[in-house]
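Read off the chains here:
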Amino acid sequence: MHEAYAEEVLQLAAKTAPTRSLSSLKLICIRVASRHVADIDMDALIGLPASLIKDLLPHLSIYDLIRLQPALNQRGISTQSAWVLILKDIKGGHRVLDLHSEDESKQEAMDTCFQLMFYGFKYKGVAKQIFNVNITTLFLVMAKYIKQFYLRPSQFLQTFAKEQRALLTILEGSVGIVDVKHHKDLLKTESQFALYVLHRLLDHGQAKELIIYGLDPAMLNWILQDRGSQHAHQQLTSVHRSSLVANPTAAADNSATRTDGDLETEEDVLPCKRPKLDDTFREREAGTPQSTVEPELLCQAFALYGSCLTGSCPRGQICSLQIQECGRSTLGVLVPFLPTWLCLRSLTIQSCWIFRVSEVQSLAKSLKQLWQTSRSSLVDLGVAVLPQTALMELLLDACPGLHSLSLEIHPLGVDPGPRGSGMAHEPTDLQELSLKKLSVKVPQVLADIRSITAVLKHSPHLTSLHISGIRLPTSSSHRDLLRSISESNHRLRTLHLEDLNLADCHQDILNLLRNCMLEELSLKDCRLLEKCSDRESFLQQLIDSLKQVRSLQSLGLSQNRLAKSAPTLAELFTGSPSSAVKRLDLRQVSNFIQPAELLELGQRLRTHPPPQRLTLDLRRNPWDRDREMWHDALRTLRPLCDFMTDGWKSRNTMADHISNM
């Protein structure tokens, strides 16, 4: 099946190949060499001048890069640019890739390309990857590096029970995360191959992390059963089990799909008979009593001859579970598993609707039972969407040992807060918490911030904080939030405040910076200059305070209407001490940094260069207002900065209006 796909891709590429313009002799030689790397002596290739190898890298395929990378790294030559180029071939040249290392770029390229090629997508650049190598061979080489497998409805999954059995075996050893999407009911006949692959990766393989999207409750129960929790859902598992009859015609059906290589290696092995798995599925679909699809049955039905199990299959452990598009019936299946799920380290529940208070209480009760066993492994919890901020305290009271908590809250009506009359539960006196990471997002609605400040005051170990979107009554301010952070969270290393109105909190921001050890600070869309009578004066005070934070590596000021004030940021690198910032984020429409301002920023940086190379994020700024000057600005910055830009067109938006609001 994949061989036919590869042939079709190569034929299509030959028909649509663009006519090449005249090229230099060097480029012609590089293109020819890149297509025949396998025929070139490895030592001779690695021994080429570094500059020539760097010219060759963009033309190499994944297969060649995998073979050459170890030797190139020993020479101090990075292959990151080649992996990034492969990703840009897939995602488009204007897509910004925020990848910081060679290994990160390689992993992203491998995971992305493998999934697309396995499922038969004809993306730009695939012909280059399979031009001189058998696609099955390429899969086998890539499989050792695949960390996440995306299980999608596709006829190509059938190959795992046929010509790609060896590939599945390798994936069992490499894949740690399985992402299951668009399988509303994996127990149906057309999904039985997906069910088999899921069983092999979870139970015979190393996968311990699972991401699922809105599965059928019976399917979720099948996945969770015996994979970490001792719970058994009586209604879904106490069902009639039909007798499984061996299918005498299965051997003939299966042998028709075997390759000559299979026959050579298996001629002395007696074939195992294949049970009537299809009958089991048809029985379920016809409305007869549901049959439990046992993992052993799947292995007997699809495994390679001679590999059929005589005993029971092992059961893996799910240590991390993400449920996206979680429905109420799905939550009802999940909650009873939690009290005995001792190996569960991370749980994320994302719903398209707002949870009822009673549902959150039920979840918290089960989590508390888990925690009271004193053997719980749970340290990471994410829940969306809660109806009240007070429920954050309820969840922390249930799991006081959490290291990470991520919540999305959408208060319905008036948020009662921690002591309000409309509280969902009795207020608790929080003890000292183990929290190291906290994220709270509110979708631009009024919310009571007292529960958040109460949690901050009891989280002395907090190192990362992200708060977004909270709206306060007209008479209130975010000063209390900033003061709580300054007074209680001295170990904070990462602070992201997003879509908060801090226009009247300037002094509190400066005070926070005087008493912190931040490494990453982002004040995105915080209206910093909204009420400034003297913008330059406040910016200078902010810059002076930032320069005193010697640990600061990343600064985000996106969407703050900087506009003509942007060049002032060059003052970060003047005087002594100068800032140690390596990354500066100035993106988004409302900053509206025009070419003239960017050029001035570049000229000032040339006068007072950063102590180390600066990464400058300039996406969604109006580069097209004066393209020549914009490119002059980039040329000025290039010796000092790596910049992130895109092809955003400002004249198609209301950017002018937004920047002057």
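Here, every reference points to the structure presented above.
We now turn to the structure provided with this report. It should be emphasised that the depicted structure is a prediction, and the values quoted were computed from it without experimental measurement.

## Let's talk about unusual backbone geometry
Then step 1. That bond from Ala 384 to Val 385 is cis: its omega, 15°, falls within 30 degrees of zero.
Then step 2. Summarising the element assignment, Val 385 is placed in strand β8 (residues 380–386).

## Topic: the environment of Leu 482
Then step 1. Looking at the element boundaries, Leu 482 is found in helix α22 (residues 479–488).
Then step 2. For Leu 482, a relative accessible area of 2% corresponds to the buried category.
Then step 3. Separated by 29 residues in sequence, Leu 482 and Thr 453 have C-alpha atoms that sit 9.2 Å apart.

## Considerations on helix α11 (residues 192–204)
Then step 1. Helix length check: α11, at 13 residues, gives a terminal C-alpha distance of 17 Å against a target of 18 Å (1.5 Å per residue), a fit within 8%.
Then step 2. Extensive coverage of α11 is indicated by the burial of 12 of its 13 residues.

## Considerations on helix α19 (residues 357–372)
Then step 1. Taking 1.5 Å per residue as the helical rise, α19 with its 16 residues ought to reach 22 Å, and the 22 Å between its terminal C-alpha atoms agrees with that figure.
Then step 2. Inspection of α19 places Glu 359, Val 360, Leu 363, Ala 364, Ser 366, Leu 367 and Leu 370 among the buried residues, and these make up the whole buried set. Viewed end-on, α19 has its buried residues packed into an arc of 165°, placing them on one side of the element. Summarising the geometry of α19, the exposed residues directed more than 90 degrees from the buried face are Lys 365 and Gln 372.
Then step 3. If you follow the buried residues of α19, they end up packed against α18 (328–334), β7 (346–350), β8 and α20 (391–398).
Then step 4. Where α19 terminates, the next one or two residues include Ser 374, which has phi positive at roughly 65°.

## What about the packing of helix α5 (residues 62–74) against helix α9 (residues 135–143)?
Then step 1. Between α5 and α9, the least distance of the axes is 10 Å, while the angle of their chain directions is 45°. Relative to α9, α5 is oriented oblique. For the pair α5 and α9, the crossing hand works out as left-handed. Touching Ile 62, Tyr 63 and Ile 66 of α5 are Thr 137, Leu 138, Val 141 and Met 142, all from α9.
Then step 2. Residue composition of the contact of α5 with α9, by class: 6 nonpolar, 1 polar and no charged.

Calculation notes
Residues numbered from 1 in each chain as written. Predicted model: local features only at pLDDT ≥ 70, side-chain atom pairs only at ≥ 80, totals over all residues. Heavy atoms only, no water. Helix = DSSP H or I, 4+ residues; strand = E, 2+ residues; numbered from the N terminus. Buried < 20%, exposed > 50% of the residue type's maximum accessible area, 1.4 Å probe, protein only. Expected span 1.5 Å × (residues − 1). Arc of directions from axis to C-beta. Contact = heavy atoms within 4.5 Å. Axes fitted to C-alpha atoms, helices over the stretch in contact; angles between N-to-C directions. Parallel < 35°, antiparallel > 145°, perpendicular 65-115°, else oblique. Left-handed = near helix turned anticlockwise from the far one by under 90°. Nonpolar A, V, L, I, M, F, W, Y, C, P; charged D, E, K, R; others polar.

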